[in-house]
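Residue-level listing of the chains:
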Amino acid sequence: MAVGLRQFTQRTGDGAGEPILDTENGEELIRVQPSVSIVVGTRAPESPGTLYITSKQVVWLSDVDRAKGYAVDFLSLSLHAVSRDPEAYPSPCIYTQIETEDDDEDVDEGSDNESVEALDLSKVTEMRLVPSDASQYHRLHWCVVVDNLFEIFCECAELNPEPIEEEEEGHNWVFSADQLENEGTGEDPGWHFFQDPTNPIGHSNGDNDLANNVLRLQINDQRFEDAEEMEQENESDHHFKNAPNGEVA
Amino acid sequence: MLFFSYFKDLVGREVTVELKNDLAIRGTLHSVDQYLNIKLENTRVVDQDKYPHMLSVRNCFIRGSVVRYVQLPPDGVDVDLLHDATRREARGG
């Protein structure tokens, strides 16, 4: 899935036309707003154009240049807001922040002529959509239009939740306390000895010392009896009987 | 759904939403949905010098997936209630 802003050139029909949508996958046109200029990042406003809000993305198409258009998926819109303070921007507008590919430079370097432009677009983090036209509507009119667009943006954003990740994956490594307890019961009860805080691993502590215990086990082990003696006994029965008994349990 | 229910109780309260891009927006919690998308009203940007273009924004919709933290009003945090709720959630209840 493409992240961030991208060029959009697929149009139907003649003249300005309309965007070709992915209707096979259920994309629907929700709203068409004529006479909208677009401000991409810090570039100058581009107009005239028409805004198409679909169930999946926001598309802006130039009314005069069929090759000019932008689109951004709702999945990439981190934030959208109503901006109506004339000091920050002269006209009421929809302000959006766009999530971009993380700063690592793994953007595909396409071989087409548009790659430079596309590369720039994919890094754009802000976009303003400014509805207005030559007619002298009162400023209040545009405030209402912008509020209305804002609500449509909200509804469409909610239509596009994050794709659900494979939840099952987590169960392999998430252990509940119960699971851990059950596993513990299968162990030699003596294992608690290692948890004795007065006897941390690696510290010698008399009879409780692990290395000392092992050492004594080995000394008493019949396998360590004089090999020649064993051979002289010549009693294979005895020899084999002892061997398993001598295993460290 | 724990946090969804919890945030719904905070509607009308003043919260600060910190985004993963470090932008922090303070405002009145207008609504929250099951994806933890957050709508704020009467917003103001905490670091106005860094984000002057956000000055004009008075209400906004923030996508749940880009939220890093939500700072809550201290008296909006009922620790006992949250303890119980998180335990219940952990048991899958």
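The rules behind these values
- Counting from 1, residues in each chain are numbered in the order their sequence is written.
- Lettering for chains starts from A, numbering for ligands starts from 1, and both go in the order in which the items are written.
- The predicted origin of the model limits local features to residues at a pLDDT of at least 70 and limits the giving and counting of side-chain atom pairs to 80 or more, whereas totals for whole chains, interfaces and linings rest on all residues.
- Excluded from the side-chain calculation are hydrogens and water; included are all heavy atoms of the structure.
- UniProt positions are given in the numbering used here, feature names are shortened, and annotations may be inferred rather than shown by experiment.
- Only runs of H or I of at least four residues qualify as helices and only runs of E of at least two qualify as strands under DSSP, and these elements are numbered from the N terminus.
- Using a 1.4 Å probe on the protein chains alone, a residue whose accessible area is under 20% of its type maximum counts as buried, one over 50% counts as exposed, and one in between counts as partly exposed.
- Should any heavy atoms of two residues lie within 4.5 Å, those residues are considered in contact.
- Values of accessible area rely on a 1.4 Å probe in the Shrake-Rupley scheme; residue burial ignores everything except the protein chains shown.
- Here the buried area means the combined drop in accessible surface, using a 1.4 Å probe, for two parts upon being joined, counting both sides.
- Any carboxyl oxygen of Asp or Glu within 4 Å of a side-chain nitrogen of Lys or Arg constitutes a salt bridge here.
- Two N or O atoms form a polar contact when they lie within 3.5 Å of each other; inside protein one atom must be a possible hydrogen donor and the other a possible acceptor, and for residues adjacent in sequence the pair counts only when both atoms belong to side chains.
- Each residue is assigned to one class: nonpolar for Ala, Val, Leu, Ile, Met, Phe, Trp, Tyr, Cys and Pro, charged for Asp, Glu, Lys and Arg, and polar for all the others, Gly among them.
- Only the six-membered ring of Trp is used, alongside the rings of Phe and Tyr, when aromatic pairs are assigned; centres must lie within 6.5 Å, and planes under 30 degrees apart are stacked while those over 60 apart are edge-to-face, with the rest tilted.
- In short, DSSP must find at least two bridges between two strands for them to pair.
- A residue's pLDDT is the confidence the predictor assigns to it, expressed on a 0 to 100 scale.
- By definition here, a helix of n residues has an expected span of 1.5 Å times n minus one.

You'll find chain B entered in an unreviewed UniProt entry as Sm-like protein LSM2, with Dipteronia sinensis given as the organism. As its UniProt record puts it under Subcellular location (unreviewed entry), chain B is described as follows: "Nucleus". On record in UniProt, under Function (unreviewed entry), the comment for chain B is "Component of LSM protein complexes, which are involved in RNA processing."

The name that an unreviewed UniProt entry assigns to chain A is Chloride conductance regulatory protein ICln, with the source organism given as Citrus sinensis.

Asks: Please clarify how the overall build of chain A should be interpreted in this entry.
Replies: Each helix and strand counted, chain A has six helices and nine strands in total. Counting the 249 residues in chain A, one finds 32% classified as buried. Of all intrachain contacts in chain A linking residues separated by at least 6 positions in sequence, the fraction that spans at least 24 positions is 59%. In the form shown here, chain A has an accessible surface area of approximately 16300 Å², with 50% of it arising from carbon and sulfur atoms.

Asks: Hey, could you run me through the interface of chain B and chain A in this one?
Replies: Counting residues at the interface gives 21 residues for chain B and 25 residues for chain A. Carbon and sulfur atoms supply 55% of the area buried between chain B and chain A, which totals about 1800 Å² over both sides. If you look at where chain B meets chain A, you find two salt bridges. For the salt bridge of R63(B) with E162(A), the shortest nitrogen-to-oxygen distance reads 2.7 Å. Our count for the chain B to chain A interface comes out at eight residue pairs in polar contact (both at pLDDT 80 or more). Sort the elements by how many residues they give to the side of chain B that touches chain A and strand β4 (residues 57-62) of chain B lands first, with six residues. Tallied by class, residues from the side of chain B that touches chain A come to 11 nonpolar, six polar and four charged.

Asks: For this particular structure, what's the right way to read the packing of aromatic side chains?
Replies: The final tally for this structure, using the stated rule, is four aromatic pairs over all chains. Through successive ring pairs, a cluster of aromatic residues spans F3(B), Y6(B) and F7(B).

Asks: Help me understand the pairing of strand β3 (residues 38-45) of chain B in this model?
Replies: Working note: regular strand, side chains alternate between the two faces of the sheet. Residues and elements named next belong to chain B. Across six bridges, the pairing between strand β2 (residues 24-32) and β3 is antiparallel. Opposite L29, over in β3, you have L40 as the bridge partner. Between the antiparallel neighbours β2 and β3 lie five residues, among them L36 with a positive phi of about 60°. Bridge count for β3 against β4 is four bridges, and the pairing is antiparallel. When the sheet's bridge partners are listed, K39 is paired in β4 with F61.

Asks: What's the story with the confidence of the model for chain A in this structure? I'm lost.
Replies: Note: predicted coordinates in regions of low pLDDT should not be interpreted at a detailed level. All names here are of chain A. Across chain A, the average pLDDT comes to 75, with 57% of residues at 70 or higher. Below a pLDDT of 50 lies the segment residues 104-111, which in the model reaches six contacts outside its immediate sequence neighbourhood of four places, other chains included. Contacts from residues 186-196, a stretch scored under 50 in pLDDT, to residues over four places away or in other chains number six contacts.

Asks: Please clarify how helix α2 (residues 79-90) of chain B should be interpreted in this entry.
Replies: Every α-helical turn comprises 3.6 residues, leaving residues that sit three or four positions apart pointing alike. The terminal C-alpha atoms of α2(B) lie 16 Å apart, and with 12 residues this matches the ideal 16 Å at 1.5 Å per residue to within 8%. For α2(B), the capping residue at the N-terminal end is D78(B), with a side-chain oxygen 3.3 Å from the backbone nitrogen of D80(B).

Asks: Help me understand the pattern of salt bridges, please; the structure alone is not making it clear to me.
Replies: It is possible for side chains bearing opposite charge to pair when their charged atoms get close. Residue and element names in this part refer to chain B. In this structure the tally under the stated criterion is 11 salt bridges over all chains. When the shortest N-O distance is used, the salt bridge between D75 and R13 registers 2.5 Å. Placement of the pair is D75 in the loop between β5 (67-71) and α2 and R13 in the loop between α1 (2-9) and β1 (14-19), with a sequence separation of 62 residues. What makes D75 exposed here is its relative accessible area of 62%. Note that R26 and E14 form a salt bridge whose closest N and O atoms lie 3.5 Å from each other.

Asks: Would you explain the pairing of strand β7 (residues 77-83) of chain A in this entry?
Replies: For β7(A), a buried count of seven out of seven residues is recorded, marking the element as mostly surrounded by other parts of the structure. Judged from the six bridges that link them, β7(A) and strand β8 (residues 93-98) of chain A form a sheet pairing that is antiparallel. What sits directly across from L77(A), in β8(A), is I98(A). Two elements, β7(A) and β4(B), share five bridges in a ladder whose sense is antiparallel. Of the residues in β4(B), the one forming a bridge with H80(A) is F61(B).

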